[in-house]
Amino acid sequence: MPEPLTPVTFPTDFLWGCATSAYQIEGAVREGGRTPSIWDTFSHTPGRTAGGDHGDIAVDHYHRYREDVALMADLGLNAYRFSVSWSRVQPTGRGPAVQVGLDFYRRLVDDLLEHGIQPAVTLYHWDLPQELEDAGGWPERETALRFAEYAQLVGDALGDRVQHWITLNEPWCSAFLGYGSGVHAPGRTDPAASLRAAHHLNLGHGLAVSALRSVMPARNQIAVSLNSSVVRPLSQDPADLAAVRRIDDLANGVFHGPMLHGAYPASLLADTASVTDWSFVRDGDLAAAKAPLDALGLNYYTPALVSAAPGKVAGPRADGHGASEHSPWPGADDVLFHQTPGERTEMGWTIDPSGLHELIMRYSREAPGLRLYITENGAAYDDKPDAEGRVHDPERIAYLRAHLAEVERAIADGADVRGYYLWSLMDNFEWAYGYGKRFGAVYVDYATLERTPKSSAHWYGRAARTGELPPVDAA
């Protein structure tokens, strides 16, 4: 993109961070009393992940966290978003916390604070304790109650030092990829169960907000991270516009409706009536889901392009969410997804920074008064070290600069955006894609676990230190 006439600048208190999740980086899956999560089970099931990859060791952050924190500090970052492993803290998903599990996160938080890095805790990034899944998982109401109990345990342990809290990461993926299309753990393919899971994630979120507030200082900020979709029509034909509305309900309204407004969209309930009667929604659930928030996290990678189909769509969909014969879009089998034109990342996702501005401005209107954070944004590329061991990734630098420029434009347009978390700090286990997709600003040699900052890490660090976006060739 052309260089702006004046430098792009950000507020002096803007948070420049990176994000990770527990199962993708920690390893140490059998240490300190930790028991299997659904991702342990899923990744050890033949055929579920590329190459049979799993997170048993991942990038060994559990043992190398001090090295990783020092790396962030050297780059000049001032924020780090990480998730807590539920089964490390509460192995059965019930009962008292295992202190050795909490102690790992206490040490991590203390080390971050000593380096001047603000921790942001995500309570749930998809790794449900397997024992809770065996009892029915998120389609069961009990899981929401257990999540609130777990949230209170973690909030009580870390709330005195951690000011930024996120209940759920991308509940859409948990519900619809985990229980609908089956491409994520636990790998179930039941459309009705996916909608029940969505509701109990909403309920669990609201109950967790209340549980956190009961044990933490009032100064702490509580948010949720949504991978809200920017859904666009293939044409202005009324049928295509109707397809956009249906997918928007399933991608966005199913969560921001209850969380922000205390109600599901009436159109969503009508569209999915053939799948479920929604009788699992009890009196008081929606009021609980609407527990007041301080902030909202937005995760953005690529927009969706849809149209009406002449009939029922069979087989995998070009929706960017993995190949499955089963749909993650209950009640929308007559909607077609299309590959959007333009340059793509290694994930096959089209690069469209304008979608991030569109998303920010939508939620500025949808949730007035809430601070906004970009809690994930980034790109996978086929990164390789050169003969001197350096990793140069100009494509990622261009991607980051273009998207951060859209964040700055949104701030100029009046959006209250307080921070940006690059996905991800380092290459790691990328769910069903195994170790084949590299999103990191830091290159990881999976044989030795040696960390090497890529040129994008140095570029991003310079942006963090100066509050201005350097030219693409300035790494």
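Residue numbers run consecutively from 1 along every chain, following the written order of its sequence. Residue-level local features of this predicted model are given only where pLDDT is at least 70; pairs of side-chain atoms are given and counted only at 80 or more, and the full residue set underlies all totals for whole chains, interfaces and linings. Heavy atoms throughout the structure, all of them, feed into the side-chain values; hydrogens and water do not.

UniProt positions are given in the numbering used here, feature names are shortened, and annotations may be inferred rather than shown by experiment. The residues that UniProt annotates with the feature "binding site: substrate" (unreviewed entry) are Q24, H125, N169, Y301, W423, E430 and W431. Here E430 shows up in the loop between β11 (417–423) and β12 (442–444). When checking whether two residues touch, look at their non-hydrogen atoms; a contact exists if any pair is within 4.5 Å. Other than its neighbours up to four places away in sequence, E430 contacts Q24, W423, K437 and F439. Counting from the N terminus, the helices are DSSP H or I runs at least four residues long and the strands are E runs at least two residues long. Mapping W431 onto the fold places it in the loop between β11 and β12.

So, about the packing of aromatic side chains. Any pair of Phe, Tyr and Trp rings, taking the six-membered ring for Trp, is counted once the centres come within 6.5 Å. Such a pair is stacked with planes under 30 degrees apart, edge-to-face with planes over 60 apart, and tilted for the rest. Evaluation of the coordinates by the stated rule reveals 35 aromatic pairs. When the ring of F10 is compared with that of W16, the centres are 4.9 Å apart and the planes differ by 75°; the resulting orientation is edge-to-face. Aromatic pair F104 and Y105: ring centres 4.9 Å apart, planes at 70°, arrangement edge-to-face. Exposure is judged per residue with a 1.4 Å probe applied to protein chains only, and the accessible area is read against the type maximum: over 50% gives exposed, under 20% gives buried, and values in between give partly exposed. Residue class for Y105 comes out buried when judged on its relative accessible area of 1%. The rings of Y23, W39, F42, W126, F429, W431, Y435 and Y446 are connected pair by pair, giving a single aromatic cluster.

So, about the sheet that holds strand β7 (residues 295–299). Paired through backbone hydrogen bonds, the strands of a sheet run either parallel or antiparallel to each other. For two strands to pair, DSSP has to find at least two bridges joining them. An order of β1-β2-β3-β4-β5-β7-β10-β11 is seen for the eight strands of this closed barrel, with the pairing classed as parallel. The sheet shows a mean angle of 25° between the axes of neighbouring strands, taken without regard to direction. Two strands pair when backbone bridges link them, and strand β2 (residues 79–83) and strand β3 (residues 118–124) are joined in this way by five bridges, in the parallel orientation. In the strand pairing of β3, S83 is matched with T122. Against the sheet, helix α7 (residues 141–158) touches β3 and β4 (164–169), its axis set at about 160° to β3. Here an angle of 0 to 180 degrees is reported between the N-to-C directions of two axes, which are lines fitted to C-alpha atoms, with helices fitted over the stretch in contact. The strands that helix α8 (residues 171–181) touches are β3, β4 and β5 (221–226); relative to β4, the one it contacts most, it runs at about 15°.

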